[in-house]
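Structural overview
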Amino acid sequence: MTAVLDRRGSRAWVDNAVRLIEADAQRSADTHLLRYPLPPEWNVQLYLKDESTHITGSLKHRLARSLFLYSICNGWVGEDTTVIEASSGSTAVSEAYFAKLLGLDFVAVMPASTSPAKIALIEAQGGRCHFVDDPSTIYAESQRLAAETGGHYMDQFTHAERATDWRGNNNIAESIFTQLQQEDHPIPEWIVVGAGTGGTGATIGRFLRYRKLDTGLCVVDPENSVFFDAWRSGDCATAPTFERGSRIEGIGRPRVEPSFIGQVIDRMVKVPDAGSIAAMRHASDVLGRKVGGSTGTNLWGAFGLVAEMLGQGRSGSVVTLLCDGGERYAGTYFDDDWVASEGIDLAGPAAVLAEFTATGRWTA
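Everything in this summary refers to the structure shown in the same document. Because the structure is a prediction, the values reported are computed rather than measured. (Residues numbered from 1 in each chain as written. Predicted model: local features only at pLDDT ≥ 70, side-chain atom pairs only at ≥ 80, totals over all residues. Heavy atoms only, no water.)

Before going further, it helps to examine the pattern of salt bridges. Going through the model one piece at a time under the given rule, you end up with 25 salt bridges. Its salt-bridge partner being Asp-24, residue Arg-27 comes within 3.3 Å of it at the nearest N-O pair. Across the pair Arg-361 and Glu-355 runs a salt bridge whose closest N-O atoms are separated by 3.0 Å. (Salt bridge = Lys/Arg side-chain N within 4 Å of Asp/Glu carboxyl O.)

See the structure below:
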């Protein structure tokens, strides 16, 4: 006897879920590409891809959209699936938004020490927060909860580089180059990004190679993050791990994540946390709006590249990311008492930034 098992009926929910996510994207305009003010006589342009304009306020909105589409189309997420993620930051906020859009339960697994402000952002999007005392257990606890509930652990750190179509389809790289088409230097010398999951760097690096573009990818890495050491040694498997995580939210990891593809990176820069925070504050003053700490890390790397081009007498452009707004960090990076309590001295980096602004030289 021939046995037949047909589950095609479940495709109706999948079709509608994809439609809802795509409709949400259609309602959103592309994020802006801002020109950072540099002296015109330098003949070097610096651009910021402003990812804070997403509805959930950060670069992670793109990742969350891609992760949901990837999981739905793989059959991992259905109409009754509880979605679980190991995150206390912007990824959890954005994933909670998409779960709510689809009528799904969302649980963010996070350390018990997570600030009330971050918890409130996740809960405002309809998510629930599950706390662990030991931050190193968030991955195992996420897997346990998924098994217990019959849900799906989204696992951004494994799937970030797989979920995005790096060949195009309006990914962040394609968007940048489309927006640059009418500029003085439409093919930038460098694109600068930080590494959290590694997914954004992997997407941009692959796109540059696929489109045969003469643009370098520079990845900046904060303190207490392993990516720089792993890339420098060329051996991710034996790279050291850090007990303390990065103080710059959204980037830096104490371990090498599966989505980090070092082979597509042309240069890496290790950025001191004092440099990230000083650059974040400096840029906030220049732009007249607050930007987050990871944007400061990006700009520290970008300023160094601009100065290098000036020193070599070359014109051109550099692009980096404005990852999120600084309003989320009023109690940390913009708080002098918090900075002092972390033992961070901003005087040296502030002097470096002042020298760069005045002369175009980079003395870091």
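Moving on from the model shown.
With that settled, the discussion passes to the packing of helix α2 (residues 60-73) against helix α3 (residues 90-102). Interhelical geometry of α2 versus α3 gives an angle of 50 degrees and a closest axis separation of 8 Å. Judged by the angle between their axes, α2 and α3 are oblique. Read as a crossing pair, α2 and α3 show a hand that is right-handed. In this structure, α2 uses Lys-60, His-61, Leu-63, Ala-64, Arg-65, Leu-67, Phe-68 and Ile-72 to contact α3, whose residues at the interface are Ser-90, Thr-91, Ser-94, Glu-95, Tyr-97, Phe-98, Ala-99 and Leu-102. Among the residues making up the contact of α2 with α3, the classes are represented as nine nonpolar, four polar and three charged. (Axes fitted to C-alpha atoms, helices over the stretch in contact; angles between N-to-C directions. Helix = DSSP H or I, 4+ residues; strand = E, 2+ residues; numbered from the N terminus. Parallel < 35°, antiparallel > 145°, perpendicular 65-115°, else oblique. Left-handed = near helix turned anticlockwise from the far one by under 90°. Contact = heavy atoms within 4.5 Å. Nonpolar A, V, L, I, M, F, W, Y, C, P; charged D, E, K, R; others polar.)

Let's shift gears to the sheet that holds strand β1 (residues 33-36). Overall, mixed pairing links the six strands, which are arranged β1-β2-β10-β7-β8-β9 in an open sheet. Bordering the open sheet on either side are β1 and β9 (267-270), each of which pairs with just one other strand. Neighbouring strand axes in the sheet, compared pairwise and without regard to direction, differ in orientation by 25 degrees on average. Strand contacts of helix α7 (residues 172-179): β1, β2 (44-50), β7 (190-194) and β10 (316-322), with the helix running at about 135 degrees to β2, the strand carrying the most contacts. Across the sheet, helix α11 (residues 293-311) is in contact with β1, β2, β7, β8 (216-221), β9 and β10; its angle to β10 comes to roughly 175 degrees. (Pairing = 2+ DSSP bridges.)

Next up on the list: the packing of aromatic side chains. Any two aromatic rings considered together are summarised by their centre-to-centre distance and by the angle between their planes. Taken as a whole and judged by the stated rule, the model has 15 aromatic pairs. On the basis of an interplanar angle of 65 degrees and a centroid distance of 5.4 Å, the ring pair of Trp-42 and Phe-356 is categorised as edge-to-face. Residue Trp-42 is found in the loop between β1 and β2, and its partner Phe-356 is found in helix α13 (residues 347-359); the two are separated by 314 residues along the sequence. Taken as a pair, Trp-42 and Phe-356 share a single burial class, namely buried. Members of the aromatic cluster, each reached through a chain of ring pairs, are Tyr-36, Trp-42, Trp-300, Phe-303, Phe-356 and Trp-362. (Phe/Tyr/Trp six-rings, centres within 6.5 Å; stacked < 30°, edge-to-face > 60°. Buried < 20%, exposed > 50% of the residue type's maximum accessible area, 1.4 Å probe, protein only.)

Moving on: the sheet that holds strand β4 (residues 106-111). Spatial strand order, β5-β4-β3-β6: four strands in an open sheet with parallel pairing. Lying at the two open borders of the sheet, with one neighbouring strand each, are β5 (128-132) and β6 (152-153). As paired strands, β4 and β5 are joined by five bridges and run parallel to one another. Paired with Val-109 across the strands is His-130, a residue of β5.

Notably, Asp-155 is not glycine yet its phi reads approximately 55 degrees, a positive angle. Tracing the sequence through the fold places Asp-155 in the loop between β6 and α6 (156-163). Asp-155 gets classed as buried once you look at its relative accessible area, which sits at 13%.

Quick look at the pairing of strand β3 (residues 83-86) now. Two faces make up the sheet, and in a regular strand the side chains alternate between them. The alternating pattern of β3 places Val-83 and Glu-85 and Ile-84 and Ala-86 on opposite faces, both of which are buried. Where β3 and β4 come together, four bridges link them in parallel fashion. Its bridge partner being in β4, Glu-85 is matched across the sheet by Ala-108. With α3 bridging β3 and its parallel neighbour β4, the resulting β-α-β unit is right-handed. Pairing of β3 with β6 involves two bridges; the strand directions are parallel. Considered in β6, the bridge of Val-83 is made with His-152. (Right-handed = clockwise from strand over helix to strand, strands pointing away.)

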